[in-house]
Amino acid sequence: MHTAIYPGSFDPVTRGHLDIIERAAKTTDKLIVAVLNNGAKNSLFSVEERVKMLEEETKDIPNVEIRSFNGLLVEFAAQCDAHVIIRGLRAITDFEYELQMAQTNRVLNHNIDTLFLTADLKYSYVSSSTVKEVARFGGDISSFVTPNIANYVMKKFTIHSESK
Ligand code: ADP
């Protein structure tokens, strides 16, 4: 069985991520979406929340599994028996960082390759950070995330502003 892994923070999952997930799932027997448990990074959503949101959004794609991980991606990929890492490329600004990561991962484990999917033009400007930025100021995020995710995001900002 061919397994690929799509890692990221997904804080929160956007329409751009979902497009990559759908397309990547068609290229492999099994796609593991690996949610980085970035304790140190300032996330809006806990890793459990991010996993839950991804599970809800991908429930109709049978060969997608959502898992969380911490530590080295190549080690987690090896544990999952995945030989391919999927990453999305939006613009040239993504490229330098992604190239460096892909080369580093290749040195760490020669059996694992990184494959890049280019972002759909519709979503090439979408990022989790801009979703949070727009939502923080009460803007409409429906072009960037699904209605279900928009609900979760808006709830976070309502709770935040009520607790101030
Ligand atoms: P990270 O914190 O590792 O960059 P992200 O959750 O921001 O994780 O993104 C995970 C992956 O999805 C990265 O490869 C990123 O380039 C890709 N990605 C993010 N947004 C989009 C988008 N709008 N279209 C396509 N790929 C995207």
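This text follows the structure it describes.
The following paragraphs examine the structure supplied in this document. As the structure is a prediction and not an experimental result, all values here were calculated from the model.

## Topic: the site of the ligand
Contacts to the ligand come from 17 residues, most closely from Tyr-6, Ser-9, Phe-10, Gly-88 and Tyr-123. For the ligand, an oxygen atom lies 3.1 Å from a polar atom in the side chain of Arg-87. In the model, a nitrogen atom of the ligand is placed 2.9 Å from a nitrogen or oxygen of the Val-126 main chain. Taken by itself the ligand offers 550 Å² of open surface, and the protein chains cover 89% of this. Put simply, the ligand lies in the largest pocket. Elements with a contribution of two residues or more to the shell around the ligand: β1 (3-8), α1 (15-25), β4 (84-89) and α4 (92-108).

## Some words on the packing of aromatic side chains
In this structure the tally under the stated criterion is three aromatic pairs. Summarising the aromatic geometry, the rings of Tyr-6 and Phe-10 are spaced 5.2 Å apart at their centres and angled 75 degrees between planes, so their arrangement reads as edge-to-face. Across the pair, Phe-10 and Tyr-6 agree in class, each one buried. For the cation-ring pair, Lys-155 lies above Tyr-152, with the distance from its terminal atom to the ring centre recorded as 5.6 Å.

## Some words on the pairing of strand β2 (residues 30-36)
Among the seven residues in β2, five count as buried, and that is most of the element. Note: β1 against β2, six bridges, orientation parallel. Within β2, the position partnered with Tyr-6 by the bridge is Val-33. Each parallel crossover has a hand, and the one from β1 via α1 to β2 is right-handed. Alignment of β2 against strand β3 (residues 64-69), held across six bridges, turns out to be parallel. Counterpart to Val-33 in the pairing with β3 is Ile-66.

## Observations regarding the layout of surface pockets
Within this model, the largest pocket holds a volume of roughly 1,000 Å³. Taken together, 44 residues form the lining of the largest pocket, with Pro-7, Gly-8, Ser-9, Arg-87 and Glu-98 sitting closest to its centre. Considering every element that reaches the lining of the largest pocket, the biggest residue donor is α4, with nine residues. Taken together, the residues of the lining of the largest pocket sort by class into 18 nonpolar, 17 polar and nine charged.

## Re the nonpolar core
The biggest cluster of nonpolar side chains holds 34 residues, and the ones touching the most others in it are Ile-21, Leu-31 and Val-33. If you list the elements that add at least two residues to this core, you get β1, α1, β2, α2 (47-57), β3, β4, α5 (128-136) and α6 (147-162). Per element, the largest residue contribution to this core is five residues, and it comes from α1. Non-local contacts of Ile-21, meaning those with residues more than four positions away in its chain, are made with Tyr-6, Leu-31, Val-33, Leu-54, Thr-58, Ile-61 and Val-64. In this structure, Ile-5, Ala-34, Phe-69 and Leu-73 belong to the second largest nonpolar core, which totals twelve residues.

## Digging into the side chain of Arg-50
Inspection of the secondary structure assignment puts Arg-50 in helix α2. Only 2.9 Å separates the side chain of Arg-50 from the backbone oxygen of Ser-9, close enough to count as a polar contact. At a separation of 3.0 Å, a polar atom in the side chain of Arg-50 contacts the side chain of Asn-38. Beyond its immediate chain neighbours, meaning those up to four positions away, Arg-50 contacts Ser-9, Phe-10, Asp-11, Val-35, Leu-36, Asn-38, Ser-43 and Phe-45.

Procedures and definitions
- Residues numbered from 1 in each chain as written.
- Predicted model: local features only at pLDDT ≥ 70, side-chain atom pairs only at ≥ 80, totals over all residues.
- Heavy atoms only, no water.
- Near = heavy atom within 4 Å.
- Polar contact = N/O pair within 3.5 Å; in protein donor to acceptor, adjacent residues only side chain to side chain.
- Areas by Shrake-Rupley, 256 points an atom, 1.4 Å probe, with all protein chains shown as cover.
- 1 Å grid on protein atoms, 1.4 Å probe; cavity = no way out; pocket = protein on both sides within 12 Å on 5 of 7 lines; lining within 4 Å.
- Sits in = over half its atoms within 2 Å of the grid points.
- Helix = DSSP H or I, 4+ residues; strand = E, 2+ residues; numbered from the N terminus.
- Phe/Tyr/Trp six-rings, centres within 6.5 Å; stacked < 30°, edge-to-face > 60°.
- Buried < 20%, exposed > 50% of the residue type's maximum accessible area, 1.4 Å probe, protein only.
- Lys NZ or Arg CZ within 6 Å of the ring centre and 35° of its normal.
- Pairing = 2+ DSSP bridges.
- Right-handed = clockwise from strand over helix to strand, strands pointing away.
- Points joined across faces, edges and corners; volume = space filled by probe spheres on them.
- Nonpolar A, V, L, I, M, F, W, Y, C, P; charged D, E, K, R; others polar.
- Core = buried A, V, L, I, M, F, W, Y, C linked by side-chain atoms within 4.5 Å.
- Contact = heavy atoms within 4.5 Å.

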